[in-house]
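Listed here are the chains, written in short residue letters.
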Amino acid sequence: MITQPILLNDAEIELLQQQVGTSTLMGRTIEAHCKAVDAFMALPLDVPGHGEAGGYEHNRHKQNYTYMNLAGRLFLITRQEKYGQFVRDLLALYAEKYLTFDFHVQKNTNPTGRLFHQILNEHCWLMFTSLAYSCVAETMTADERDAVVKGVFEPMLDMFTVKYAHDFDRIHNHGIWAVAAVGICGLAIGKPEYLEMSVYGIDRNDTGGFLAQISQLFAPSGYYMEGPYYHRYAIRPLCVLAEVVHRHMPELDIYNYKNQVIGNTVQALLSTAYPNGEFPALNDASRTMSITDMGVQVAVSLYSQHYGMDDNILGMAKIQDSVWMHPCGLALSNAYEAATQEREIGLPFWPSTELSEGPKGHNGAQGFMRMQDATGDVTQLVMNYGQHGMGHGNFDTLGITFFNRGQEVLREYGFCRWVNVEPKFGGRYLDENKSYARQTIAHNAITIDETCQNHFDVERADSVHGLPHFFIADNDTIKGMSAFANDHYDNVDMQRSVFMLALDELEAPLLIDIYRIDSEDGQTHQYDYSHQYDGQLVRTNFAYSCDSELQTLGHDAGYQHLWKVASGEVTEPNALVSWLQNNTYYTWLGTSSNEKQDVIFTRTGANDPSFNLRSEPAFMLRSHGASSVFASVLETHGYFNEEFEQSVNARGQVKQVRIVGSSKVGTVIEVLTQNSKVTLMVSNILGAKENTPHLTQIDGTTYSWDGFYSLEVTALNHSVEK
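An unreviewed UniProt entry lists the chain under the name Alginate lyase family protein, with Vibrio agarilyticus as the source organism. Looking at the chain in UniProt, the text filed under Subcellular location (unreviewed entry) is "Periplasm".

### Some remarks on the overall build of the chain
Each helix and strand in the chain was counted, giving 17 helices and 28 strands. The principal-axis extents of the C-alpha atoms in the chain amount to approximately 90 × 60 × 55 Å. Considering only intrachain contacts with a sequence separation of at least 6, the fraction spanning at least 24 residues in the chain is 68%. With an accessible surface of roughly 27200 Å², the chain has 48% of that area assigned to carbon and sulfur atoms. Here the chain contributes 50 positive and 86 negative side-chain charges, whose respective centroids are spaced 3 Å apart.

### A short note on the domain arrangement of the chain
The domain architecture assigned to the chain consists of domain 1 (1–189), domain 2 (218–350) and domain 3 (353–721). Using only C-alpha atoms to locate each centre, domain 2 and domain 3 end up separated by 31 Å. The partner domain 3 presents 38 residues to the 27 residues of domain 2 that form the contact. Note on domain 2 versus domain 3: buried area summed over both sides is about 2800 Å², and carbon and sulfur give 56% of it. Of all residues in domain 2, the largest losses of buried area upon contact with domain 3 belong to Tyr274, Asp284 and Arg287, amounting jointly to 24% of the total for that side.

### Quick notes on the UniProt feature "domain: Heparinase II/III-like C-terminal" (unreviewed entry) in the chain
The positions UniProt marks with the feature "domain: Heparinase II/III-like C-terminal" (unreviewed entry) are residues 366–619. Taken end to end, residues 366–619 has its terminal C-alpha atoms 25 Å apart, with 5% of it in helix and 45% in strand.

### Quick word on the sheet that holds strand S1 (residues 353–356)
The antiparallel open sheet is built from 5 strands, whose spatial order is S1-S2-S3-S4-S5. Looking along the sheet, the strands with just one partner apiece sit at the ends: S1 and strand S5 (407–410). The sheet shows a mean angle of 20° between the axes of neighbouring strands, direction not considered. The pairing of strand S3 (residues 378–385) with strand S4 (residues 400–404) spans 4 bridges and is antiparallel. When the bridges of S4 are listed, Gln380 appears paired with Phe403.

### What to know about helix H13 (residues 294–306)
What sets the pattern is the α-helix's 3.6 residues per turn: residues three or four places apart point alike. With 13 residues, H13 should reach 18 Å at 1.5 Å per residue; the first-to-last C-alpha distance of 19 Å fits that figure. With 10 of its 13 residues buried, H13 lies for the most part within the structure. Listing the buried residues of H13 in full gives Gly295, Val296, Gln297, Val298, Ala299, Val300, Ser301, Leu302, Tyr303 and Ser304. In this fold, the buried residues of H13 make contact with helix H11 (228–248), helix H12 (257–271), helix H14 (311–320) and helix H15 (327–340). Of the residues flanking the start of H13, the one acting as N-cap is Asp293, its side-chain oxygen 2.9 Å from the backbone nitrogen of Gly295. In the segment just after H13, Gly308 is the residue with positive phi, at about 105°.

### With respect to the sheet that holds strand S6 (residues 446–448)
If you walk across this open sheet you meet the 6 strands as S6-S11-S18-S17-S14-S13, and the pairing is antiparallel. Each end of this open sheet is capped by a strand with a single partner; those strands are S6 and strand S13 (551–552). Note: S13 against strand S14 (residues 562–569), 2 bridges, orientation antiparallel. Paired with Thr552 across the two strands is Trp563, which belongs to S14.

### Description of the side chain of Ser628
Note that Ser628 resides in strand S19 (residues 628–637). Reaching out from Ser628, the side chain makes a polar contact with the backbone oxygen of Ala626 at a distance of 3.1 Å. Not counting residues within four places of it along the chain, the set of residues in contact with Ser628 comprises Tyr515, Arg516, Ile517, Tyr527, Ser593 and Asn594.

### Focus: the environment of Phe402
Relative to the elements of secondary structure, Phe402 occurs in strand S4. Judged by relative accessible area, Phe402 falls into the buried class, the value being 0%. Each C-alpha atom, one on Phe402 and one on Leu511, is 8.5 Å from the other, the two residues being 109 residues apart in sequence. Look past the residues within four positions of Phe402 in its chain and what remains in contact with it is Thr379, Gln380, Leu381, Gln407, Glu408, Val409, Leu410, Met500, Pro509, Leu511, Leu634 and Thr636.

### Description of the nonpolar core
Soluble, globular proteins show a tendency: their nonpolar side chains are buried together. In terms of nonpolar packing, the biggest core is built from 129 residues, with Trp125, Leu126, Tyr133, Phe153, Leu238, Leu241 and Ile262 touching the most fellow members. In this view, Leu238 contacts Ile176, Phe210, Ile214, Phe218, Ile262 and Thr265; residues no more than four positions away in its chain are not counted. Counting residues in hydrophobic clusters, the runner-up holds 42 residues, among them Leu381, Leu511, Val599 and Phe619.

Procedures and definitions
- Residues numbered from 1 in each chain as written.
- Predicted model: local features only at pLDDT ≥ 70, side-chain atom pairs only at ≥ 80, totals over all residues.
- Heavy atoms only, no water.
- UniProt positions renumbered as here; feature names shortened; annotations may be inferred.
- Helix = DSSP H or I, 4+ residues; strand = E, 2+ residues; numbered from the N terminus.
- Contact = heavy atoms within 4.5 Å.
- Areas by Shrake-Rupley, 256 points an atom, 1.4 Å probe, with all protein chains shown as cover.
- Lys, Arg positive; Asp, Glu negative; His and termini not counted.
- Charge placed at Lys NZ, Arg CZ, Asp CG, Glu CD.
- Domains from an automatic or database assignment.
- Buried area = accessible area lost by both parts, 1.4 Å probe.
- Pairing = 2+ DSSP bridges.
- Axes fitted to C-alpha atoms, helices over the stretch in contact; angles between N-to-C directions.
- Expected span 1.5 Å × (residues − 1).
- Buried < 20%, exposed > 50% of the residue type's maximum accessible area, 1.4 Å probe, protein only.
- Polar contact = N/O pair within 3.5 Å; in protein donor to acceptor, adjacent residues only side chain to side chain.
- Core = buried A, V, L, I, M, F, W, Y, C linked by side-chain atoms within 4.5 Å.

Here it is, written out as structure tokens:
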């Protein structure tokens, strides 16, 4: 049996051929791929043996499958024989050498392959190479095809579905790559039974396979439990296999499966991104992965073909400036060209969204809140109150990040890993990923008694999740979200409520943060309210001292990696910390309901003899108490230009934040600015509704409101309720 191209038919190939040499998105994409493949083909062919993860051998195998995949389609689209010959020659070399390689000499936590230190990478190789093979198989002799099938493809299929069958049905991003590779390879060599196995699982009992993957890994909202970084990694095999199933198993109606979960998950991934296109580093993650990733390009093209166009999808295409070299990408390219004839395509603006977690959407959520200021700049606030995220999960429920003016302000450390940096443990996860980056203290949250949430126990963490309270984003003046985490520390319940408030006197939305701790047994605890920032400290309102010799802040749970740089006792009603990050000033004011409070400045790098950690600053407000409330605000203000020696509004407008009081019913705080008093009342009743009445007495004053919160802004001797 001679295989036809798996993802293209003759009519589609002809349409793509018409794009060669044009200035459309597709035309430019084809041209860019031709240049990249031509440059790689100028190198001698090489199928190396084993080497370090991230080393030459690893990267060369990765480059080989990447360029074979592109060259296979370019052979069909450009009709240039050199691309087909490149694929055939490289396939022949792999057929000659593959079975001469033993299983990889480097052992990892994952099973090894013959080419790579973990079979995940071998899955990638097989998926892309099978697609390339399907494009040129018709031009190969029977002996050439037989050599590749028996020398590479069939041994790989046996390894993935027999030797490592347990990993094939794994509900995980590894599992998605496994089923995509096996199903596509099966089609490429004329064994469609492997596609059926990939879709339904080895035992065909709903515990594994593609349908189980997309049913269990993705919530109805589309959110992927491991977070955006691994979402964009899993989205490529998901989309490619979905398109294969659509074409070769149309009876499944895959694009409508589970209420269109594939479309939902593409939308969910895109809606998590910061305004600059980078993804928040939720769970183990790079801080630099963005929507220009090739997998995201495939997802945007696929979405446009099967779920429809809108201005945000067209805006994504504008940013990516490239499309999937496939009929789905051609549909997007054509729509983009038509739209640009009528109007200027703007950048995408995703609305605020709360993405539920879990197979049925009942395992908490992730909140992505956005507000635009008068200049058009978008401020984004992210809070995690979902599930753990399996082996890549961080212990940071109720942690937040904050982004505006093109930069992450309250920052995520991201993973401790130097991807493909060979001397750094082959680019794999380093020990410090567990000892620091995943620990609670590494995040913008409260750490209790210098311990980690869930005792750093993945199994325990996977068994609990945050409890959403409210998510309100339809008010132009104030947007807010709140959630509980009642199972993450022993005998301690936590609630965090965060808001963005627009006031005319402020340049940008004000972040308001109310963090409530309920010590169920009345025991006193140490609370460290941590903030990871970047930039140059400008001023404080308290005296602090710096030790002549640096000491570590603690001995475990990430504290052993923190240098105690300076500390000072808070003597004012609030602690004030102000810093300059690039061209913008940020001022944080915070307090707690506990009597004694200290601010501790830290920097990562202690107990790090291999210099695996980045040296980054943070500060924490530390206090001791039983049930407690922490309240803070973060103001964005001013402008600094070193070249022109300009500094404007370096001090800001916010003067104080005060905790009026708190009860089981609600918490009341006040924020004083230069011209206004803001009173914010927040519901503490889990299960409250939009019309639930609240009434609490604080120091003889009765505060009452209906619903989740009430805001009163008093300015110029008159009040306006929002």
